[in-house]
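# Structural overview for review
Spelled out, the chains give:
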4 protein chains.
Amino acid sequence: MFNHNIEIRVRYAETDKMGFVYYGNYATYFEVARVESFRSLGFSYKTMEDQGVMMPVLEYKTKYIKPAVYDDLLIVKTFIKELPGTRIRFEYEVYNQDGVLLNVAETSLVFVSSETKRPCPMPDYFLDMLKPYFTNEL
Amino acid sequence: MFNHNIEIRVRYAETDKMGFVYYGNYATYFEVARVESFRSLGFSYKTMEDQGVMMPVLEYKTKYIKPAVYDDLLIVKTFIKELPGTRIRFEYEVYNQDGVLLNVAETSLVFVSSETKRPCPMPDYFLDMLKPYFTNEL
Amino acid sequence: MFNHNIEIRVRYAETDKMGFVYYGNYATYFEVARVESFRSLGFSYKTMEDQGVMMPVLEYKTKYIKPAVYDDLLIVKTFIKELPGTRIRFEYEVYNQDGVLLNVAETSLVFVSSETKRPCPMPDYFLDMLKPYFTNEL
Amino acid sequence: MFNHNIEIRVRYAETDKMGFVYYGNYATYFEVARVESFRSLGFSYKTMEDQGVMMPVLEYKTKYIKPAVYDDLLIVKTFIKELPGTRIRFEYEVYNQDGVLLNVAETSLVFVSSETKRPCPMPDYFLDMLKPYFTNEL
């Protein structure tokens, strides 16, 4: 299993009149969590996209347990629990600075060639970086 | 069953560098779909909130089937398939102007008293407006 | 002078914890106002962009007079007061449903070729549609 | 003069189909820059708001010089050039990781009592923290 944690500070723009983070804005936090977990592996999502492989989201599920509020310093924990093939599945847990679990989520993404607009295999260099975290499965 | 359709024009702000609607922005479309389906019943979500009942989202699931692109005139179909109690469940289908299904989703929301911050029953006037759509269940 | 009015309903997503529309979200309203004013002329911004001319914003100024709140049905008035050359200048006034002036703004945009990434003249078909509104200046 | 620098990583959500940061999203960067400049002084905007003083934006002007792109690590420089009274004026410069100036902006905000909804003086503890940066003016 691969996992990675990041901190994200809640912005005023992300709150709504209920005083909480708007329910649609967590998707952005998970985008940041994915990209920073890649960066922690020495891997740039931007570079992959510049080289012709993009990763659109296929499926997204989330449960809102407690609200996040303005200026919270969220901890977003990201998990990849299975070695990806053409698809890659992430799970997430969001905690506030007091360790309270606010949100759980999962997303499935697919590798797509920007040339053919069709699914393609995960790039080898990405697979090679992830493999060490899944030695039992190999 | 209650159902309602609205049109939403995709804004430039809602696209991302992939050229598609950003995956997090559908949540806003579903918010608009919910509120406009209430308005079609003669019911204002804003008024309900001003009177002390708010409806935070508990759960949200969505599948991205085809991308929406800039300036698409989306049709968002909203369904309430069961008469709500303390919780209310919506299902959605998003089509583009060519009738292509782009996205399906569902959300569960809960009625919450803004005074006590605790779940509360659905307001009677809302229940009364919805009941005619669920005569078989009563 | 060319002018055009549109209505925009304030979304929950666009509010912030102060209970007002977040100050950054007016820019999206002005984008919608520009594009719909083009559409009223029989002209599609999307088509122009598909044909290789895009219109990035160069300058944006705005004054916040009164706050817009959730569910307001805003009227955005858009004005083009001078026949555009390589640049095009829009002015805006935002009113709520009670006729109260909430916001004034202006933007300058430039026509850019998506091929060369350099400024280019306004497309002739666009100029021809605007000219009748500026007969005194010709 | 008071000044403070922060880094902000451009999110995918903040880009648009032109491939650049959407022109409306800089406002959020400036919000973050203001709040983090306060935090660098040992001062929490959230605490001030919890204590009944909020700071809505009155005026915002910005020039877009070069586009910011996805994954850029922006440097946002924030300046307060005059000791604030009831109003506070910020200037900003946005650079990318290569030192290229992308954007300049300024905002004027006003201190407002959340109880009376009317302008109020800057809180003393905030004034005291800023004063050392403006010794010549005192």
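The structure presented is a predicted model; accordingly, all values stated were derived computationally and were not measured. (Residues numbered from 1 in each chain as written. Chains lettered and ligands numbered in written order. Predicted model: local features only at pLDDT ≥ 70, side-chain atom pairs only at ≥ 80, totals over all residues.)

## Observations regarding the interface of chain A and chain D
Just so we agree on the cut-off: For the purpose of contact definition, each residue receives a C-beta atom placed from its backbone, and two residues are in contact when these atoms lie within 7 Å. Going along the chain from the N terminus, every DSSP run of H or I of four or more residues is numbered as a helix, and every run of E of two or more is numbered as a strand. Side-chain classes are defined by residue name, with Ala, Val, Leu, Ile, Met, Phe, Trp, Tyr, Cys and Pro counting as nonpolar, Asp, Glu, Lys and Arg as charged, and the others, Gly among them, as polar.
The interface of chain A with chain D comprises nine residues on the first partner and nine residues on the second. The leading source of residues in the side of chain A that touches chain D is helix α1 (residues 26–40) of chain A, at three residues. Of the residues that constitute the side of chain A that touches chain D, the class distribution is four nonpolar, one polar and four charged.

## Remarks on the environment of A:H4
Structurally, the position occupied by A:H4 is in strand β1 (residues 2–9). Once residues within four sequence positions are removed from consideration, A:H4 is found in contact with A:E36, A:S37, A:S40 and A:T78.

## Notes on helix α1 (residues 26–40) of chain C
Residue and element names in this part refer to chain C. Applicable threshold: The length a helix should cover is 1.5 Å for every residue beyond the first. Three classes are used. A residue is buried when 20 or more other C-beta atoms lie within 10 Å of its own, exposed when 12 or fewer do, and partly exposed in between, with C-beta atoms placed from the backbone.
Relative to the 21 Å expected for 15 residues at 1.5 Å per residue, α1 spans 21 Å between its end C-alpha atoms, a close match to the ideal helical length. The buried fraction of α1 amounts to eleven of the 15 residues, a majority that puts the element mostly inside the structure. Within α1, burial applies to Y26, A27, T28, Y29, F30, E31, A33, R34, V35, S37 and F38.

## Side note on the relation of the copies chain A and chain B
This is how it is decided: Each copy is superposed on the other by least squares, with the fit set by C-alpha atoms of residues at a pLDDT of at least 70 in both.
The transformation that overlays chain A on chain B combines an axial shift of 0.0 Å with a rotation of 180°, and the residual RMSD is 0.0 Å. Such a turn and shift between the copies fits a two-fold axis. Within chain A, A:K61 has its C-alpha nearest the rotation axis, a separation of 2.1 Å. Most of the interface of chain A is mirrored in chain B: 100% of its interface residues are interface residues there too.

## Quick notes on the interface of chain A and chain B
Formally: The pairing criterion is simple: DSSP has to find at least two bridges between the two strands.
Facing the 16 residues of chain A at the interface are 16 residues of chain B. Breaking the side of chain A that touches chain B down by element, the ones donating at least two residues are α1 and β3 (57–64) of chain A. It is β3(A) that provides the largest number of residues to the side of chain A that touches chain B, a total of eight residues. Summarising the sheet, β3(A) and strand β3 (residues 57–64) of chain B pair through five bridges and their orientation is antiparallel. Each bridged residue has a counterpart across the sheet, and for A:Y60 the counterpart in β3(B) is B:T62.

## Comments concerning the sheet that holds strand β5 (residues 87–95) of chain C
Pairing between the strands of a sheet comes from backbone hydrogen bonds, and it takes one of two forms, parallel or antiparallel. Let me state the cut-off plainly: Whenever a helix is involved, its axis is fitted only over the stretch in contact; in every case the axis is a line through C-alpha atoms, and angles between N-to-C directions fall within 0 to 180 degrees.
Pairing is antiparallel in the open sheet, where ten strands are placed in the order β1(C)-β4(C)-β5(C)-β6(C)-β3(C)-β3(D)-β6(D)-β5(D)-β4(D)-β1(D). Looking along the sheet, the strands with just one partner apiece sit at the ends: β1 (2–9) of chain C together with β1 (2–9) of chain D. Taking each pair of neighbouring strands and ignoring which way they run, the sheet shows an average axis angle of 15°. The pairing of β1(C) with strand β4 (residues 73–80) of chain C spans eight bridges and is classified as antiparallel.

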